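Understanding the architecture of this molecule
Each chain, written out:
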Amino acid sequence: MKEKRSRRYINRKIEEMFSNKKTPKKKKLTIKVKSYWFALGGIFLLFAWSYYFFSREERGIVLRSLNEYYVWQTTHSIIATPVLLDVNQNELVDVVLADLKGQVSALEAANREMLFTFNLSSGVLSPLSKVKINPQSDREQVLVTSSEGDFYLLDETGNYLYDSREEFFNEPIWSKAGFAFYDESKGIVLMTGTKGSIWAFDVRYGQVFWENKSSPLQAGTLLPSPVIVGEGNDLGVVIASEEGEIGFFDMGTGFLNWHHRLAEPIKATPLLLRGADEVLVFVISLRGDYLFLSLTGEVFKAGKISDGFVSTPNLVYSSLDEVSKIVLTSRTGNVYYLDYSDFERMEVEKIYQLKDDSFLSSPVVLDLNFDGHQDLILVSRNGKIMLMDGLAKKLFFSPFIVESKFTATPLVADVNGDGDLEIIASGEDGRVFFLTLKTMPEKRFKKNVIVYGEFLQNSKNQNNFNY
C-alpha cells in the first residue's frame, strides 16, 4: 500500500513539473525576446530616418507629378516669352505678359491679382527683357518691343519711363533686346531690326549710343537675338542673321570686328560657352549645320545634325564630372545632346524623340532632383509639358498635356512661397498655365526664389559672359 502511495506521489510530482504552472515562465521569456527585437527595430528605424532627413540634400529627391495650380486666361494669343520679377517690391513673384494685340499686363501670381495693363500700338512677338537703370540697385524694369518697331520701358505702375518716338526705329523688331552695363555704369540696350539695322541706346534716357545700318548683316533680317560677351569697357556683341551671316561687333562703337557666313539660314540665337582656353560661340542653322567660333572669328569645328532647328539651344551642366553639353530641340520633335568636350571626337546623341510634334520653344535647364546633373523642362508645340532627367535621359513621369499650342519658352519659380516650384507655360490661345511640381520629400526649394525667369539661358550663362 505504501509502495502504491509512493508511486502516486511520484507521479503527481512529475505531473506538477510539466503542468501549466511552469508555462508563465516560458511566456515571460518569449515576451522578453520579442521586446528586445522591437527595440532594435525601433532604433534601426530612427537611425534610417535620421540619415534620410539629414542627407537628403546630397541624395536628391524624387519627382512625383505636375499638378495644375491654376490657369490664367488673357485676352489674346501669347507668342512672346514673359519675364518674372517683383514689380511692386513686396517679395512676391509677378509675371509680366505681352500678347499679339499689344497688351502688356503684370500678374501677381500668388494672389492672382492684375497689377497693371498697358496697351502698345501693335502686337508683341519678341521676348520681353529685364533691364536695370541703376547698376547698384536690384530693381529691374521691363523693356517691351512691338512688332512694328516701337519700344517702351515700363515702371512698376505700368507707365512708361520713355518710348521710342524717334524716326530711326521705323523698322520691325522681332528679336529680344540684349542688355549690359558698359564701363560698369552705363546701361546699354542692343536691338536688331528685321531689315538689318543694329541700335545701341542708353537705358536711362533712351538716347542713341550708336547705330549701324551698313554692316554685311544688313542684307538679311536679324531674327536671332543679340548675345553680349565680356565686361566693363571690353564688351562685344554676337549677332546672326536669317541669311546665315554672323558678326562680332564692338559694344562701345558698333564697329564690326569680323563676320562669317554660314551657307544656311539661321533662326536660333547663338550660344556662348567656354572652351578649354577661351569663350566660344556656337551657331546652328535652320537645317542643322553648326559652327564653333572663337571671338576672333576662327572656326574651331564645323559639323551637321540632320534635323531642323529654330529654337535656341542651352547648356546642360553636370557637377558630377564637371562637363557641360549642348542640348538642342528640333522642329521635328527630337532632343539632342552635343558633347563638345573633345573637338576631335564630337559626339551627337539623340536622347528623346517626340512623335508627331515639334519644339519651337527653347529647353530650360535646372537640377530638379538635386542629383548634381541639370535636368530639362520641355514644352512642345502641341501642348506637352515634360520634365526629363538629364542624367538618365528619360522622362520623370508622363507628359502633362493641355489643349494649347506653345511658342514661348516656359518660366520656373516658386510663385506663392510654399517651397514647391511652379512651371509657367504661356499658350497661343491666351491661357497661362501654372503647374506645381510635387516632390518626395516635399517643399525642397527656397521661398520666393525666381529660379528661371529669363529667356533662353539660365543664370550661369545669361547675357554677360566674361572673356
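Relevant structure appears above.
So, a few notes on the structure that sits alongside this text.

Rules behind the numbers
- In every chain, residue numbers begin from 1 and rise along the written sequence.
- Only residues with pLDDT of 70 or above have their local features reported here, since the model is predicted, and side-chain atom pairs are shown and tallied only from 80 upward, although totals for entire chains, interfaces and linings are computed over all residues.
- Side-chain descriptors were evaluated using all non-hydrogen atoms of the structure, hydrogens and water having been removed beforehand.
- Buried means the residue's accessible area, taken with a 1.4 Å probe over protein chains only, is under 20% of the maximum for its type, while exposed means over 50%, and partly exposed covers the values in between.
- Numbering of helices and strands starts at the N terminus; helices are DSSP runs of H or I of at least 4 residues and strands are runs of E of at least 2.
- We call two strands paired when DSSP finds no fewer than two bridges between them.
- The definition of a nonpolar core used throughout is a set of buried Ala, Val, Leu, Ile, Met, Phe, Trp, Tyr and Cys residues joined through side-chain atoms within 4.5 Å.
- Any two residues whose heavy atoms approach within 4.5 Å at even a single point are treated as in contact.
- The term salt bridge refers to a pairing of a side-chain nitrogen on Lys or Arg with a carboxyl oxygen on Asp or Glu at a separation within 4 Å.
- Patch membership is restricted to residues that have no salt bridge and whose relative accessible area is over 30%. Joining uses 9 Å for like charges and 5 Å for the nonpolar side chains Val, Leu, Ile, Met, Phe, Trp and Tyr.
- Here the Shrake-Rupley method, with its probe set to 1.4 Å, supplies the accessible areas, and only the displayed protein chains count as covering residues.
- Throughout this description, a polar contact denotes any pair of N or O atoms lying within 3.5 Å of each other; where both atoms belong to protein, one of them has to be capable of donating a hydrogen while the other can accept it, and for residues adjacent in sequence the pair is counted only when both atoms sit in side chains.
- Axes here mean lines fitted to C-alpha atoms, for a helix over just the part in contact, with angles spanning 0 to 180 degrees between N-to-C directions.
- Centres within 6.5 Å make a pair out of two Phe, Tyr or Trp rings, where for Trp the six-membered ring is used; the pair is then stacked when the planes are under 30 degrees apart, edge-to-face when over 60, and tilted otherwise.

Below, the discussion takes up the pairing of strand β12 (residues 198-202). The buried fraction of β12 amounts to five of the five residues, a majority that puts the element mostly inside the structure. Residue alternation in β12 divides its side chains into two sets, Ile 198, Ala 200 and Asp 202 and Trp 199 and Phe 201, and both sets are buried. The pairing of strand β11 (residues 186-192) with β12 spans five bridges and is antiparallel. The residue bridging Met 191 from the neighbouring strand is Trp 199, located in β12. Hairpin connection between β11 and β12: a loop of five residues separates the two successive antiparallel strands, and Gly 196 in this loop has a positive phi of roughly 100°. Where β12 lies against strand β13 (residues 208-212), four bridges are found, and the strand directions are antiparallel. Looking across to β13, one finds that Phe 201 is bridged to Val 208.

Before going further, it helps to spend a moment on the nonpolar core. In terms of nonpolar packing, the biggest core is built from 21 residues, with Leu 66, Leu 368, Ile 385 and Leu 387 touching the most fellow members. At the level of secondary structure, the elements contributing two or more residues to this core comprise β1 (62-73), β26 (364-366), β27 (375-379), β28 (384-389), β32 (422-426) and β33 (431-440). When residues in this core are grouped by element, the largest group, three residues, is from β33.

Inspection of the secondary structure puts Thr 194 in the loop between β11 and β12. Setting aside anything within four residues of it in sequence, one finds Thr 194 in contact with Glu 171, Pro 172, Trp 174, Gly 220, Thr 221, Leu 222 and Leu 223.

The side chains of a regular strand alternate, first on one face of the sheet and then on the other. The buried fraction of β32 is high, at five of five residues. In β32, alternate side chains face the same way, and those of Glu 422, Ile 424 and Ser 426 on one face and Ile 423 and Ala 425 on the other are all buried. Pairing analysis gives three bridges linking strand β31 (residues 411-413) to β32, with the strands arranged antiparallel. Its bridge partner lying in β32, Val 412 is registered against Ile 423. Sheet topology note: the β32/β33 ladder contains five bridges and is antiparallel. Bridge pairing in β33 places Glu 422 opposite Thr 436.

Our next topic: the pattern of salt bridges. In the structure shown here, the tally under the stated rule is 13 salt bridges. With its nearest N and O atoms 3.8 Å apart, the salt bridge here joins Lys 130 to Glu 140. In this pair, Lys 130 sits in strand β6 (residues 129-131) while Glu 140 sits in the loop between β6 and β7 (141-145), placing the two residues 10 residues apart along the sequence. Overall, Glu 140 belongs to the partly exposed group, its relative accessible area being 30%. Here Arg 139 ties to Glu 156 by a salt bridge, and the two come within 3.1 Å at their closest N and O atoms. Taken together, the residues span a long stretch of sequence, with Arg 139 in the loop between β6 and β7 and Glu 156 in the loop between β8 (151-154) and β9 (160-163) at a distance of 17 residues.

The next subject is a nonpolar patch on the surface. Taken together, the side chains of Leu 100, Leu 125 and Trp 174 present a nonpolar region at the surface, about 250 Å² in accessible area. Among the structural elements, Trp 174 can be located in the loop between β9 and β10 (178-182).

Considering the arrangement of structural elements, one finds Asn 416 in the loop between β31 and β32. Residue Asn 416 is classed as partly exposed on the basis of its relative accessible area of 24%. A C-alpha to C-alpha distance of 9.5 Å links Asn 416 and Glu 108, two positions 308 residues apart in sequence. Side-chain polar atoms of Asn 416 contact the side chain of Tyr 69, separated by 3.1 Å.

What follows concerns the sheet that holds β10. Read from one edge to the other, the open sheet built from four strands follows the order β10-β11-β12-β13, with strand pairing classed as antiparallel. In the strand order of this sheet, the two ends are held by β10 and β13, each with one partner. Geometrically, the sheet is characterised by an average inter-axis angle of 20° between neighbouring strands, direction not taken into account.

Turning next to the sheet that holds strand β19 (residues 279-284). Pairing within the open sheet is antiparallel, and its four strands lie in the order β18-β19-β20-β21. Unpaired on one side and paired on the other, β18 (271-274) and β21 (299-304) mark the two borders of the sheet. On average, each strand axis in the sheet is inclined to that of its neighbour by 20°, with strand direction left out of account. Judged from the five bridges that link them, β19 and strand β20 (residues 289-294) form a sheet pairing that is antiparallel.

With that settled, consider the environment of Phe 434. Structurally, Phe 434 is set in strand β33. Owing to a relative accessible area of 0%, Phe 434 belongs among the buried residues under this scheme. In this structure the C-alpha to C-alpha distance between Phe 434 and Ile 423, which are 11 residues apart in sequence, comes to 5.8 Å. Those residues in contact with Phe 434, other than ones at most four positions away along the chain, are Asn 67, Glu 68, Tyr 69, Tyr 70, Trp 72, Val 95, Leu 107, Ala 109, Ile 423 and Ile 424.

Positive phi, normally seen in glycine, also occurs at Gln 89, with a value near 55°. Checked against the element boundaries, Gln 89 lands in the loop between β2 (83-85) and β3 (94-98). Despite not being glycine, Lys 393 has its phi angle at roughly 60°, a positive value. Within the secondary structure, Lys 393 sits in the loop between β28 and β29 (394-395).

Moving on, we come to the packing of aromatic side chains. As enumerated under the stated definition, the model contains 17 aromatic pairs in all. With centroids separated by 5.2 Å and ring planes inclined at 80°, the aromatic side chains of Phe 292 and Phe 343 adopt a geometry described as edge-to-face. Here Phe 343 lies in the loop between β24 (334-339) and β25 (347-353) and Phe 292 lies in strand β20, a separation of 51 residues in the sequence. The buried category is assigned to Phe 292, whose relative accessible area is 0%. With 6.0 Å between their ring centres and 65° between their planes, Phe 406 and Phe 433 make a pair best called edge-to-face. Highlighted residues: Phe 406 in the loop between β30 (400-401) and β31 and Phe 433 in strand β33, separated in sequence by 27 residues.

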